[in-house]
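Residue strings, one per chain:
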Amino acid sequence: KKEETELSLVATINNTRVVDSAYDVGVVAPKSSQIIMFAIVIGIIIPVIIMLLIDFFDNKIADKKEIEEGTSVPIIGELSFGKGIKNTVAITKTRSAIAEQFRLVCANLQYLATGNSSKTVLVTSFMSSEGKSFTSVNLAGSLASMNANVLLLEFDLRKPKLSRYLELKPKYGITDYLVNEIPFSQLISTVPGKEHLDVITCGPVPPNPAELIQTERLEKLLHYARQHYKYIIIDSPPAGLVADSFLLGKYADITLFILRHRYSFKTTIKYIEKLYTEQKLNRLNIVVNGIKEPSGSAYTYG
């Protein structure tokens, strides 16, 4: 049986033939080169689209170039954001970045209104929380550290903050004087540890701030201040919300408009340009506050 089986296998004729011998062409699918190119294209297009959408819907000021292109008002200072110094007085006698930046603003102020023996500086912004009071307090402290007699006036009669910043509890304030004409000597408070710096705080919050500002007693107060102080810093309410800043603006030699980085709206730039064109505020200048950009970017001290 074994022999018969072997003979039958040998006698069987194979009905197949090899047309082409097998050969290796590598990976046919999926093609890695196409996948890499597709990933690169998607990796570029999707981030670009996202960045364009973010930029389109972002209405906050993020770059110095936006300010320079949107208005002809000069920028005389840029203040970095610093943790732990919010709502406080920066140490002006140190070599810290924020102290140096305030010194630079003070140096620029000296070239403005050079003919005036006493300079009145109005500090305002478009809306609340942009850093008006913080800038006013530290600007006054920096000027006082240069041995200049400085008087800080808290004319934000609607939302006063200076008393809390400076930890003062004065008996009388500006509203007391405008209503009852309290003697100047009882209005002025000295700041502990700050030589050459005096403050007149708001006092009780009045129901009619705009009407009080327009009284003749205000002119007497500012006349007294010009006779006894080299610099008068006026902390005023937001110009975009109330008219108090414009009522005080006629007494100011220099106006500092505060913009806060990544907080102030881009439309504020057009508003500043309109104020500058119509000359509603004297010697209008811009100070950019709260710059948070990392090292190497446009808004950095270093």
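Residues numbered from 1 in each chain as written. Predicted model: local features only at pLDDT ≥ 70, side-chain atom pairs only at ≥ 80, totals over all residues. Heavy atoms only, no water.

Asks: Can you walk me through the sheet that holds strand E5 (residues 197-200) in this structure?
Replies: Strand pairing within a sheet occurs via backbone hydrogen bonds; the two strands may be parallel or antiparallel. Ordered by their spatial adjacency, 8 strands build an open sheet running E1-E8-E7-E2-E6-E3-E5-E4, and the pairing between neighbours is mixed. Both edges of this open sheet fall to strand E1 (75-80) and strand E4 (189-190), since each of them pairs with a single strand only. Direction of pairing for strand E3 (residues 150-154) relative to E5: parallel, over a ladder of 4 bridges. In the sheet register, Leu151 faces E5, and the bridge partner there is Asp198. Lying on the sheet, helix H4 (residues 97-109) is in contact with E1, strand E2 (119-125) and strand E7 (254-260); it crosses E1 at an angle near 170 degrees. Helix H10 (residues 216-228) contacts E2, E3, E5 and strand E6 (231-235) of the sheet and is inclined by roughly 145 degrees relative to E6. (Pairing = 2+ DSSP bridges. Helix = DSSP H or I, 4+ residues; strand = E, 2+ residues; numbered from the N terminus. Contact = heavy atoms within 4.5 Å. Axes fitted to C-alpha atoms, helices over the stretch in contact; angles between N-to-C directions.)

Asks: Just to check I follow, could you spell out the pairing of E2 for this structure?
Replies: A regular strand places its side chains on the two faces of the sheet in alternate fashion. For E2, a buried count of 7 out of 7 residues is recorded, marking the element as mostly surrounded by other parts of the structure. Sheet topology note: the E2/E6 ladder contains 5 bridges and is parallel. Its bridge partner being in E6, Val123 is matched across the sheet by Asp235. Taken together, the 5 bridges between E2 and E7 define a ladder with parallel strand orientation. When the bridges of E7 are listed, Leu122 appears paired with Thr255. (Buried < 20%, exposed > 50% of the residue type's maximum accessible area, 1.4 Å probe, protein only.)

Asks: Just to check I follow, could you spell out the nonpolar core for this structure?
Replies: Most often, soluble globular proteins have nonpolar side chains that are buried together. The biggest cluster of nonpolar side chains holds 38 residues, and the ones touching the most others in it are Leu153, Phe155, Leu218 and Ile234. For this core, the elements supplying multiple residues, two or more each, are E3, helix H7 (174-180), helix H9 (209-213), H10, E6, E7, helix H12 (267-278) and strand E8 (284-291). In contact with Phe155, other than residues within four places in its own chain, are Ile174, Ile213, Leu218, Leu221, Ile234, Asp235, Ser236, Pro237 and Leu248. Among the nonpolar cores identified, the runner-up in size contains 33 residues, and Leu79, Ile98, Leu143 and Val199 belong to it. (Core = buried A, V, L, I, M, F, W, Y, C linked by side-chain atoms within 4.5 Å.)

Asks: Mind showing me how you'd approach the side chain of Glu100 here?
Replies: Considering the arrangement of structural elements, one finds Glu100 in helix H4. One polar contact links Glu100 to Arg103, side chain to side chain, over a distance of 3.1 Å. (Polar contact = N/O pair within 3.5 Å; in protein donor to acceptor, adjacent residues only side chain to side chain.)

Asks: Looking at this structure, I do not really get helix H5 (residues 132-144). What am I missing?
Replies: Look at H5: 18 Å from first C-alpha to last across 13 residues, which is about the 18 Å you get at 1.5 Å a residue. Of all 13 residues in H5, 13 are buried, a share of seventy percent or more. (Expected span 1.5 Å × (residues − 1).)

Asks: I would appreciate a short explanation of the environment of Lys171 in the present structure.
Replies: With respect to the helices, strands and loops of the structure, Lys171 is situated in the loop between helix H6 (162-166) and H7. The exposure class of Lys171 is exposed, given its relative accessible area of 70%. Expressed as a C-alpha distance, the spacing of Lys171 and Pro204, which sit 33 residues apart in the sequence, is 9.9 Å.

Asks: Just checking my understanding: could you explain the packing of aromatic side chains for this structure?
Replies: Given two aromatic rings, one states the distance between the centres and the angle between the planes to describe the pair. All chains considered together, the criterion is met by 6 aromatic pairs. Here the aromatic cluster, defined as three or more aromatic residues joined through ring pairs, consists of Phe126, Phe257 and Tyr271. When the ring centre of Tyr263 is taken as reference, the NZ or CZ atom of Arg260 above it lies at 4.7 Å. (Phe/Tyr/Trp six-rings, centres within 6.5 Å; stacked < 30°, edge-to-face > 60°. Lys NZ or Arg CZ within 6 Å of the ring centre and 35° of its normal.)

Asks: Explain the pairing of E6 here, please?
Replies: Most of E6 sits out of view: 5 of its 5 residues are buried. Both faces of E6 are covered, namely the face carrying Tyr231, Ile233 and Asp235 and the face carrying Ile232 and Ile234. Alignment of E3 against E6, held across 5 bridges, turns out to be parallel. Bridging from a neighbouring strand, Leu153 pairs with Ile234 of E6.

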